[in-house]
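Next come the chains, spelled out residue by residue.
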Amino acid sequence: MEPTGFWYSFGHLMYKYFHGMEWIYDHASPNKICIVLAFVCFAWWMKMQANFNKKAIKEGGYK
């Protein structure tokens, strides 16, 4: 069997993917990942709120 073709490439991709996931788990605990994800989501939400408030002030709907 030669190391060519779709399934070989797919298997190699999955091997690299799971190897990367193991590295992430070894170096960053799930708690740290959740904290970072929560911070990013909170920052994105605050940016959305700021844009909404600017639009409301511009259109006269903000009191």
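First things first, this report covers the structure right here in the doc. The shown structure was predicted, so the numbers you read here are calculated from the model rather than taken from an experiment.

Rules and cut-offs
- Residues numbered from 1 in each chain as written.
- Predicted model: local features only at pLDDT ≥ 70, side-chain atom pairs only at ≥ 80, totals over all residues.
- Heavy atoms only, no water.
- Patch = residues over 30% accessible without salt bridge, like charges linked within 9 Å, V, L, I, M, F, W, Y side chains within 5 Å.
- Areas by Shrake-Rupley, 256 points an atom, 1.4 Å probe, with all protein chains shown as cover.
- Salt bridge = Lys/Arg side-chain N within 4 Å of Asp/Glu carboxyl O.
- Helix = DSSP H or I, 4+ residues; strand = E, 2+ residues; numbered from the N terminus.
- Phe/Tyr/Trp six-rings, centres within 6.5 Å; stacked < 30°, edge-to-face > 60°.
- Buried < 20%, exposed > 50% of the residue type's maximum accessible area, 1.4 Å probe, protein only.

1. Re a nonpolar patch on the surface
Turning to step 1, where the next piece is worked out: On the surface, Tyr 17, Phe 18, Met 21, Trp 23, Ile 24 and Ile 33 cluster together to form a nonpolar patch covering roughly 620 Å² of accessible area.
Turning to step 2, where the next piece is worked out: The element best represented in the nonpolar patch is helix 1 (residues 6-27), accounting for five residues.
Turning to step 3, where the next piece is worked out: Here Phe 18 lies in helix 1.

2. Topic: the packing of aromatic side chains
To describe a pair of aromatic rings, you give the distance between the ring centres and the angle between the ring planes.
Turning to step 1, where the next piece is worked out: According to the stated counting rule, one finds five aromatic pairs in the structure shown.
Turning to step 2, where the next piece is worked out: The interplanar angle of 75 degrees and the centroid separation of 4.8 Å between the aromatic rings of Phe 6 and Trp 7 together place this pair among those described as edge-to-face. Of the two residues, Phe 6 and Trp 7, both sit in the exposed class.
Turning to step 3, where the next piece is worked out: Arranged with centres 5.9 Å apart and planes meeting at 55 degrees, the rings of Phe 42 and Trp 45 form a pair that is tilted. Of the two residues, Phe 42 and Trp 45 are both situated in helix 2 (residues 30-59); the distance of three residues between them amounts to about one turn of the helix.
Turning to step 4, where the next piece is worked out: Residue classification places Phe 42 among the partly exposed positions, given a relative accessible area of 46%.
Turning to step 5, where the next piece is worked out: Taken together, the ring pairs in this structure connect Phe 6, Trp 7 and Phe 10 into an aromatic cluster.

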